Amino acid sequence: MTGPAAPGGRAASAPLLGSDTEPTVFELSVPGRRAWSLRTTEVPEVPVADLVPVAFRREDQVELAEVSERDLVAHVTRLSHRQFSVDLGAYPLGSCTMKYNPKVCDAVAALEGLAGVHPAAPPSLTQGWLSLLVELERALCELTGMAAATLQPAAGAAGELTGLLLMRAWHQAHGSVRHRVVIPDSAHGTNPASVTLGGYQVTTVPTDERGCVDLDALCRVLDEDVAGIMLTNPNTLGLFEEDITTIARKAHDVGALLYYDGANLNAILGVVRPGDMGFDIVHMNLHKTFATPHGGGGPGAGPVAVAERLAPFLPGPRPVALEPDEEGTARFGWTVPPQSIGRVHGFHGNALVLARALAYLLVNGGDGLRRVAELAVLNANWLRTRLRGTFDAPYDRPCMHEAVLSARTLRDRFGVRALDVAKRLLDEGFHAPTIYFPLIVDEALMIEPTETESLQTLEALAQAFERIVAEAAASGPAEAHAAPHHTPVRRVDEARAARHLVATYDARH
Amino acid sequence: MDTPEDLRYSTDHEWVRVAGDRVRVGITDYAQDALGDVVFVDVPAVGAVVEPGGPLGEVESTKSVSEVYAPVGGEVLAVNTSLAERPELLNSDPYGDGWICELRPSDPSTVDNLLDAAAYRALVDG
């Protein structure tokens, strides 16, 4: 595509009002002001002293902000207008899969019949919910090529820990004592953290020149002390691990299990399945692949699917289809797997997130989900090809859903680092890409446009990157070093913030 | 990039300065530049015995958390306590006030297996 960039995807026109600092809610506080009124409860007021023994009573007043509803709504609305969000523009934050979340999923999650159900309601009153959970589990197993799943884990890292606990339970049940889990040096930071939390030691294997697991190095560390290998495929460089079936065979030869980190599942949806590659345990990030809210947007969900032989160890209770009743109506209930590792979440996981994910699956259908992966890969390769002359391409071969480039030459020639590029991109009306990850790429820029951005948005994004580099070449690094120029908060001192962490706010000072 | 001639270097970007029967250890100028602004340094316990190539501590920067590996094995004799308050010393003075710890090598001859300044420069320029 040539010609001027269409305006799609840029948020430079967002109503970011002025540059005054938004006060904290405590600074808006006025003693005695309230955002609620309970005048007509008809419940008699009882002194706290009559209800709570003195030993359990606070000595000091709780220091909450005292604001009116009107002031509170204005405050949080102003804050939200100063935020970048997926709904505002393109968000190419590599590895995070910040795709646009279709509003139909929100509409489903808001249905009174789903949202209004108490989690302690008995199965007789929650047959609809149970059938939804059973159907989601079946769909996730079909997409990943696994036999059974738990929907409980609250997010990706919780899924990882659940997977490692399943790994531990499996080996224990087979009388095998193992101490190590192997992960590649390009892995997400959560992998070694989960391994440690799961009671194992980390063994790292290096990446070869093509950006994949170094097979010889892997063979050298594999023995019967290895409980499992954790991989993503495509890996964190956005490259497909072509030796995956060999890796799976070598893992299984020493009795180790193969764990699939679902971080990059978006790239292969409906095309190839982790179960068919030889993986035994798979976690999925519903907030990435299945368009449920990320981070501050709501609770997460990180279901874990397993091969048949691991199903008896899954967390419980699990939703299951029972025998139909006498009239042939489907019935659903709960069951606890025989060797279950127990609960990993109160109640049944973050259920409304699960409802959103099922809505997304059904809206797209099998062919639509395959199209998700195809377009995610196409978009990333379009950007990689377009920008390979603008930045360095350390692994210059077709990528999957994300492109890892490097600002090394830009830094060496003009003094502009990946951090500066990321900050300058905010001035262009885009969210920054992921930077300095994976750690094995110098000055890494990890760009993941996802399938939801149009060609016009990709063009606008590419032109923004090109302008940043052209500016550095023409007039040096000053503009980039001082960026962002147009955001409500300018460049923050990240080092000082980390060295002198202030985690609480004291309004009295 | 600074690479003092009188030090020895590991391929993991630690430096070693020999002083009598003890060696002082830190991370190189190249390493601190690659890590970026250091915000926290986890030093080993005095008296701990470390394996050659084993974990000696961690350096956390605004970019990442990286392990520091023991360039030689031995007993930890002293650690740089000022890093707790001033981790930025690793950036401003990596070969001086930004040292990490002192070891008594269990086998002093292993220091000779480390790279000299010219070999280390060749490693990072390669």
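Above this text you will find the structure in question.
Treat the numbers as computed from the prediction; the structure is a model and nothing was measured.

**Quick look at the pairing of strand S2 (residues 14-19) of chain B**
Residue and element names in this part refer to chain B. One ladder, built from two bridges, connects strand S1 (residues 8-9) with S2; its direction is antiparallel. Across the sheet, the residue bridging to arginine 8 is valine 16, located in S2. A loop of four residues connects S1 with S2, the two strands running antiparallel in sequence, and histidine 13 in this loop sits at a positive phi of about 75°. Counting the residues that bridge the hairpin from S2 to strand S3 (residues 22-27) gives two residues, and of these glycine 20 lies at a positive phi of roughly 65°.

**Some details on helix H6 (residues 156-173) of chain A**
If you check H6(A), its first and last C-alpha atoms are 26 Å apart, about what 18 residues at 1.5 Å a residue would give, namely 26 Å. Gly175(A) sits one or two positions beyond H6(A) and adopts a positive phi of about 65°.

**A word on the interface of chain A and chain B**
With seven residues of chain A in contact, the opposing surface of chain B contributes nine residues. Taken together, both faces of the contact between chain A and chain B bury some 690 Å²; the carbon and sulfur share is 61%. Joining chain A to chain B, the criterion identifies one salt bridge. With a closest N to O distance of 3.7 Å, Glu88(B) and Arg499(A) form a salt bridge. Where chain A meets chain B, there are one residue pair in polar contact (both at pLDDT 80 or more). The class makeup of the residues in the side of chain A that touches chain B is four nonpolar, no polar and three charged.

**Topic: the sheet that holds strand S6 (residues 281-283) of chain A**
Residue and element names in this part refer to chain A. Here seven strands make up an open sheet; going across it, the order is S1-S7-S6-S5-S4-S2-S3 and the pairing mixed. Each of the sheet's edge strands pairs with one partner strand only, and the pair in question is strand S1 (148-150) and strand S3 (201-205). Adjacent strand axes in the sheet meet at a mean angle of 25°, parallel and antiparallel pairs treated alike. Two strands pair when backbone bridges link them, and strand S5 (residues 257-261) and S6 are joined in this way by three bridges, in the parallel orientation. Counterpart to tyrosine 259 in the pairing with S6 is isoleucine 281.

What counts, and at which threshold
Residues numbered from 1 in each chain as written. Chains lettered and ligands numbered in written order. Predicted model: local features only at pLDDT ≥ 70, side-chain atom pairs only at ≥ 80, totals over all residues. Heavy atoms only, no water. Pairing = 2+ DSSP bridges. Helix = DSSP H or I, 4+ residues; strand = E, 2+ residues; numbered from the N terminus. Expected span 1.5 Å × (residues − 1). Contact = heavy atoms within 4.5 Å. Buried area = accessible area lost by both parts, 1.4 Å probe. Salt bridge = Lys/Arg side-chain N within 4 Å of Asp/Glu carboxyl O. Polar contact = N/O pair within 3.5 Å; in protein donor to acceptor, adjacent residues only side chain to side chain. Nonpolar A, V, L, I, M, F, W, Y, C, P; charged D, E, K, R; others polar. Axes fitted to C-alpha atoms, helices over the stretch in contact; angles between N-to-C directions.

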